[in-house]
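Residue-level structure breakdown
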Amino acid sequence: MKNRVITISREFGSGGRTIGRMVAEKLGIPCYDAEIIEKIAKESGYSDEYIRTEGEGAQDRWLSNIFSNRAMGPTNQDTIWVIQSRIITELSEKGSCVIVGRCADYVLKGKADLLNVFIHATPEKRAERIVREYGERDTSPLERIREKDRRRAAYHRFYTDLKWGHAQNYHICLDSGELGLEKCSSIIASLF
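I will try to describe carefully the structure that is included in this document. Note that the coordinates shown come from a computational prediction; the quantities given were computed from them, not determined experimentally.

A word on the pairing of strand S4 (residues 113-120). Judged by how many residues are buried, S4 sits mostly within the fold: six of eight residues are covered. For strand S1 (residues 4-10) and S4, the ladder comprises seven bridges, and the chain directions are parallel. Paired with Ser 9 across the two strands is Phe 118, which belongs to S4. Looking at chain direction, S4 and strand S5 (residues 172-175) are connected through four bridges and run parallel. Among the inter-strand pairings, His 120 is bridged to a residue of S5, identified as Asp 175.

This is the structure in structure tokens:
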């Protein structure tokens, strides 16, 4: 029998990471997010910061990569993808869990009993949340949201050939701005 795994894809600022942790706590199972980055960094030799900034989102430069770096072999991002996919698979084989981001829904297709979730909210609600959670920055909150989401979408499309955030690619899509983090986590946990 395959382990039950909840994958959480999310728009930047929607609270997906927090919701994932809340679901895991409610169900008494592990939640993997930053832990995956740490494992990739340890295995690859790249820094945690490099994995954070270049691992999930760097492929928005995919066209230039195809015509330059790829001609000489796998890119750093390709190496990260291979290691990340193996780590995600190994974590899912250990037991039921929640995995946030990193295209886990795609990586685990056919390998686990999946509940694929997408968390979203309006740009205004996400902007409020990132200012509250991460503080003010030089870049406007809405610009940060657009850039981060653009990078995530390009990364997801590059490695999965699926459209990130499109409802048909997930079992359930929840608006955390309207429902709130607690309600979202309760709904997801109830489907486990």
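What follows deals with the sheet that holds S4. Taken together, five strands build an open sheet; the order of strands is S2-S3-S1-S4-S5 and the sheet is parallel. Bordering the open sheet on either side are strand S2 (31-32) and S5, each of which pairs with just one other strand. The strands touched by helix H10 (residues 181-190) within the sheet are S1, S4 and S5, with S5 carrying the most contacts at an inclination of about 165°.

Under the defined criterion, the tally for this structure stands at eight aromatic pairs. Here Phe 12 and Tyr 134 contribute two aromatic rings whose centre-to-centre distance is 6.0 Å and whose plane-to-plane angle is 5°, an arrangement assigned as stacked. One end of the pair, Phe 12, is in the loop between S1 and helix H1 (16-27); the other, Tyr 134, is in helix H7 (residues 123-134), and 122 residues separate them in sequence. The class for Tyr 134 is partly exposed, based on a relative accessible area of 35%. With centroids separated by 4.9 Å and ring planes inclined at 35°, the aromatic side chains of Tyr 46 and Tyr 50 adopt a geometry described as tilted.

Next up on the list: the pattern of salt bridges. Two side chains bearing opposite charge may form a pair once their charged atoms approach each other closely. One pass over the full model with this rule turns up twelve salt bridges. Of the charged contacts in the structure, one is a salt bridge between Glu 43 and Arg 86, with a shortest N-O distance of 1.7 Å. You can see Glu 43 sitting in helix H2 (residues 34-44) and its partner Arg 86 sitting in helix H5 (residues 76-94), a full 43 residues away along the chain. Note on Glu 43: relative accessible area 42%, which makes it partly exposed. Because the salt bridges share partners, they merge into one network encompassing Glu 11, Arg 126 and Asp 149.

Moving on, we come to the packing of H1 against H10. As a packed pair, H1 and H10 sit with axes 9 Å apart at the nearest point and diverge in direction by 50°. As far as their axial angle goes, H10 and H1 are oblique. The hand of the H1/H10 crossing is right-handed. Every residue of H10 that contacts H1 at Thr 18, Ile 19, Met 22, Val 23, Lys 26 and Leu 27 is listed here: Leu 181, Glu 182, Cys 184, Ser 185, Ser 186, Ile 188 and Ala 189. Taken together, the residues of the contact of H1 with H10 break down into eight nonpolar, three polar and two charged.

Attention now goes to unusual backbone geometry. Its identity as a non-glycine residue notwithstanding, Arg 102 has a phi of 60°, on the positive side. Tracing the backbone through its elements, the reader meets Arg 102 in the loop between strand S3 (97-100) and helix H6 (104-107).

Thresholds, definitions, all that
- Residues numbered from 1 in each chain as written.
- Predicted model: local features only at pLDDT ≥ 70, side-chain atom pairs only at ≥ 80, totals over all residues.
- Heavy atoms only, no water.
- Buried < 20%, exposed > 50% of the residue type's maximum accessible area, 1.4 Å probe, protein only.
- Helix = DSSP H or I, 4+ residues; strand = E, 2+ residues; numbered from the N terminus.
- Pairing = 2+ DSSP bridges.
- Contact = heavy atoms within 4.5 Å.
- Axes fitted to C-alpha atoms, helices over the stretch in contact; angles between N-to-C directions.
- Phe/Tyr/Trp six-rings, centres within 6.5 Å; stacked < 30°, edge-to-face > 60°.
- Salt bridge = Lys/Arg side-chain N within 4 Å of Asp/Glu carboxyl O.
- Parallel < 35°, antiparallel > 145°, perpendicular 65-115°, else oblique.
- Left-handed = near helix turned anticlockwise from the far one by under 90°.
- Nonpolar A, V, L, I, M, F, W, Y, C, P; charged D, E, K, R; others polar.

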